[in-house]
Amino acid sequence: MTTSTRGTAKIPAVLVLEDGRTFRGRAYGAVGETFGEAVFSTGMTGYQETLTDPSYHRQVVIMTAPHIGNTGVNDEDSESQRIWVAGYVVRDPARIPSNWRSVRSLDDELVAQGVIGISGVDTRALTRHLRERGAMRVGIFSGEALPDAGVMLAKVRQAPEMQGADLSTQVATKESYVVPAIGTKKFTVAAIDLGIKGMTPHRMAERGIEVHVLPATATVEDVYAVEPDGVFFSNGPGDPATADHPVSVMRGVLERKTPLFGICFGNQILGRALGFGTYKLKYGHRGINQPVQDRTTGKVEVTAHNHGFAVDAPLDKVSETPFGRAEVSHVCLNDNVVEGLHLLDQPAFSVQYHPEAAAGPHDAAYLFDRFVSLMEGQRA
């Protein structure tokens, strides 16, 4: 990725998909060229949380909502210390942000962090194209001297694909750290950071949990060195088929029957640990309006998603695994994708979506209480 940070309002930009489809617009954010996997997010709010979600590492995010940047950027809502998206695509960026918490514009933040974007694009047409053809590699090029079409397309096709990408160690913490419990400490949890969002340990801390966040390279011995009451596996980017080390660590946790909770990538890791396969979705689920049914209660939740891979587990039966019986606990009502797993013979469960959902909705926040109940039951 190459960047420049001069004014971008009238600088031409081009978006090129790997199948040759091209969209022209104006530079938004930094100027230069960038590459990644083209994905679309259907959220109408929460763009700051989306941009700073480590799970979007090496992805170019297309926002389906037409107006982006209206509330500017603040210093409280980021999910990590930086923007992780490889590029950003919007239709109509806000000219002037308007919110009492705003401290700078989204455009200025993109420039400051060297994130290349494009505006003035028909994001509806682009999204429909990706729904029909599937997520694919993409490049954004901006500047006065753009390469010719053939050169741009060749560069896009040379970019690495998401399938087979091992990315969690690139976004995870390098050193362990502790998020203290809010109020009285009730439990200790070891959280494996595969791309964790800041709101996740906060949601646990609100419930009296002291969270020890460990690097993606943590071993089983590292996990149990903190004497955890429970173990958590976070969200993160990349192909779960490459995550052999986290799968091995999770199997070690399952062998000890410690209460276990996984979110997103953590759900895929649990699936692999139980012996299920994973596969790449055509265009994934991203946004904050995805309907999911909790099959243990029958309740339908509106949920926040960000995943391009899914677990291949049977929806219609209980499966025998090396760690006892397992079943699909949650399912997406749009396409019947597996959205959760739980074990029937020991305290372990996971969901594919994001119950921490800093920008909302909060229908699934009860899952953190379910994790607390597992630890209470184990202690009793």
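Residues numbered from 1 in each chain as written. Predicted model: local features only at pLDDT ≥ 70, side-chain atom pairs only at ≥ 80, totals over all residues. Heavy atoms only, no water.

A. Expanded view of the overall build of the chain. The helix and strand inventory of the chain stands at 10 helices and 21 strands. Projected onto the principal axes, the alpha-carbon positions of the chain cover approximately 65 × 40 × 35 Å. Counting over 380 residues, the chain shows a buried share of 58%. Relative to all contacts within the chain whose residues are 6 or more apart in sequence, the contacts with residues 24 or more apart total 75%. By element, 47% of the accessible surface of the chain is carried by carbon and sulfur atoms, the whole surface being about 15,300 Å². Averaging the locations of the 37 positively and 44 negatively charged side chains of the chain gives two centres separated by 5 Å. (Helix = DSSP H or I, 4+ residues; strand = E, 2+ residues; numbered from the N terminus. Buried < 20%, exposed > 50% of the residue type's maximum accessible area, 1.4 Å probe, protein only. Contact = heavy atoms within 4.5 Å. Areas by Shrake-Rupley, 256 points an atom, 1.4 Å probe, with all protein chains shown as cover. Lys, Arg positive; Asp, Glu negative; His and termini not counted. Charge placed at Lys NZ, Arg CZ, Asp CG, Glu CD.)

B. Here's a closer look at unusual backbone geometry. The backbone of Glu 227 sits at a positive phi, close to 50°, despite the residue not being glycine. Its place among the elements puts Glu 227 in the loop between α7 (220-225) and β14 (230-233). On the basis of relative accessibility, which here comes to 65%, the residue Glu 227 falls in the exposed class.

C. Broad picture of the UniProt feature "domain: Carbamoyl-phosphate synthase small subunit N-terminal" (unreviewed entry) in the chain. In this structure's numbering, the residues bearing the UniProt feature "domain: Carbamoyl-phosphate synthase small subunit N-terminal" (unreviewed entry) are residues 11-141. As annotated, residues 11-141 has a helix share of 18% and a strand share of 36%, and its two end C-alpha atoms lie 11 Å apart. (UniProt positions renumbered as here; feature names shortened; annotations may be inferred.)

D. Main features of the UniProt feature "binding site: L-glutamine" (unreviewed entry) in the chain. Here, UniProt's "binding site: L-glutamine" (unreviewed entry) annotation points to Ser 55, Gly 236, Gly 238, Phe 265, Gln 268, Asn 306, Gly 308 and Phe 309. Sequence-wise these annotated residues cover 255 residues; spatially they are packed, their C-alpha atoms never more than 13.4 Å apart. If near-sequence neighbours (up to four positions away) are discounted, Ser 55 is found in contact with Gly 195, Asn 235, Gly 236, Pro 237 and Asn 306. Excluding its chain neighbours within four sequence positions, the residues that come into contact with Gly 236 are Ser 55, Leu 194, Gly 195 and Phe 265.

E. Representation of the pairing of β14 within the structure. Both faces of β14 are covered, namely the face carrying Gly 230 and Phe 232 and the face carrying Val 231 and Phe 233. Direction of pairing for strand β12 (residues 187-192) relative to β14: parallel, over a ladder of 4 bridges. In the strand pairing of β14, Ala 191 is matched with Phe 232. Taken together, the 3 bridges between β14 and strand β15 (residues 260-263) define a ladder with parallel strand orientation. Paired with Phe 233 across the strands is Gly 262, a residue of β15. (Pairing = 2+ DSSP bridges.)

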